[in-house]
Amino acid sequence: MNLQLAFLIGYSILLIVLGLAVGRLVKSTGVFFVAGRKLSPALLFATLLAANIGAGSTVGATGLGYRDGLSAWWWVGSAGIGSLFLAFWIGPKIWRIAYDHDLRTVGDYLEHRYGPSVRAVIATLLWFLTLVILAGQLIAISTILNVVAEVPRVWGCIVGGIVMTTYFAAGGLLTSAWVNAVQIVVLLAGFGVALPMALAAAGGWDAVLATQAAATPGYVSFWRGGGSGWIFAAMIVPAFIVSPGILQKVYGARDACAIRIGVAANGLVLLLFAFVPPLLGMIARVHHPDLTNHELALATVLVHELPVAVGTLGLAAVFSAEVSSCDAILFMLSTSLSQDLYRRFVSPSASDARVLQVARLAAIGGGALGVLLAIVIPTVIQALSAFYSVLSVCLFVPIVAGLYTRRAGTPEALSAIGTGVAALAAVHLATGGIGFGAWTPALVGLVVSGLGFSLLALARRPRP
């Protein structure tokens, strides 16, 4: 067994032990779902940042940087922009509603605002969507283990699934928050050391530019290059404002001030961190210009171009990123099934202990299904793109409009969801996922969703 693999195994065991220790304190759904609404700005910052820097932000974004250059900044940068909107716009407002009405999931909010049918539709969609993004995170974990020790993809997915399912099922959001605090220290330290050393090993920024800029048009453009650029914003910014996994962490804040500070700090760090993966991808291309799979770029540069100690710390950082995002996804899966489907529609009289048991079982079942799906989905970015697109189109208009208008109801919300998803699917199929210039499938879906909501609201408005 090599040193790097041994370190990752030891680190995984540490996370599991910490998670099980904190999980012993969790005896109710209020703590499992929203951490008792006691998250400080620091814990909220840690759990959000750890969740937001995942497979797409590391393995996927580095692969985009390898392929497209500096414009890959927009993959993570868009998440930072969305987080700032959440901190100062949606977050405090929806937290107040959740606090006043003891709402624990996004489904609770949707039923409070629109009724049970909207809750049921979104909860069902979320179960399938979150399985896809969970698979994307597990693919990234398997990629790291494959480069480190040639661990087959199947076993890499299984190992990642066991680690994240064990500690999350123990204690939900409370466990995640404390484990994430450890993970985020490792993550930032690892990338903070790896990037400057990798850049120096490549001969500096000038050497990277000289090697790649002339060969690939747009490679050093910030705005657009290859398939990356500002076009990611329409897909990712709304998703990071209304993602259930993020909003439900916001529900756990102790007050609105904690949201503004914790979520905003997370957004600012994301804006800065967004430069790291593209630069590592560009550095990897200097050393390995012929990688058959560009999503191997991050693990390749960490394993082959850095001293063992530094590369191992970097690998631990990546592993932290993937596992921490996995627990955020399991959070969506378990709460959606136990609270939005089981407690609301299957067994309304279920005791708190029974709902907690269902939440834990849902996390275990979701983890197992995510592993199976990860084995068949080809790439990280493909999985995450599908998730962010559908999530934005389904949730952005109903959640935001619900905060600012009382006239619209169930028909408007269902119209927004149905027309938006239909438009997204139609444009994606008609253009092979490319869209019409700046009008990406996600942007078209968002606009049509808004129109579907607004036009039906006007049509149903009482006439004077």
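That block above? That's the structure.
Residues numbered from 1 in each chain as written. Predicted model: local features only at pLDDT ≥ 70, side-chain atom pairs only at ≥ 80, totals over all residues. Heavy atoms only, no water.

Points about helix 7 (residues 116–149)
Move 1: Its 34 residues give helix 7 an end-to-end C-alpha distance of 49 Å, which sits within 8% of 50 Å, the value for a rise of 1.5 Å per residue.
Move 2: Counting buried residues in helix 7 gives 24 out of 34 residues, a clear majority hidden from the surface.
Move 3: Two residues or fewer after helix 7 comes Glu150, characterised by a positive phi angle close to 55°. (Helix = DSSP H or I, 4+ residues; strand = E, 2+ residues; numbered from the N terminus. Expected span 1.5 Å × (residues − 1). Buried < 20%, exposed > 50% of the residue type's maximum accessible area, 1.4 Å probe, protein only.)

Focus: the packing of aromatic side chains
Move 1: Applying the stated criterion to the full structure yields 14 aromatic pairs.
Move 2: Considering the side-chain rings of Trp95 and Tyr99, the 5.1 Å spacing of their centres and the 25° angle between planes classify their relative orientation as stacked. Of this pair, Trp95 and Tyr99 both sit in helix 5 (residues 73–101), 4 residues apart, roughly one helical turn.
Move 3: Here Trp95 falls in the buried class, since its relative accessible area comes to 3%.
Move 4: Among the aromatic side chains, those forming a connected cluster through ring pairs are Trp73, Trp74, Phe222, Trp223 and Phe275.
Move 5: In this arrangement the basic side chain of Lys93 is found over the ring face of Tyr404, its NZ or CZ atom lying 5.1 Å from the centre.
Move 6: When the ring centre of Phe345 is taken as reference, the NZ or CZ atom of Arg344 above it lies at 5.1 Å. (Phe/Tyr/Trp six-rings, centres within 6.5 Å; stacked < 30°, edge-to-face > 60°. Lys NZ or Arg CZ within 6 Å of the ring centre and 35° of its normal.)

Overview of the environment of Gly262
Move 1: Its location among the elements puts Gly262 in helix 12 (residues 256–273).
Move 2: Separated by 218 residues in the primary sequence, Gly262 and Leu44 place their C-alpha atoms 5.4 Å from one another.
Move 3: Other than its neighbours up to four places away in sequence, Gly262 contacts Pro41 and Phe45. (Contact = heavy atoms within 4.5 Å.)

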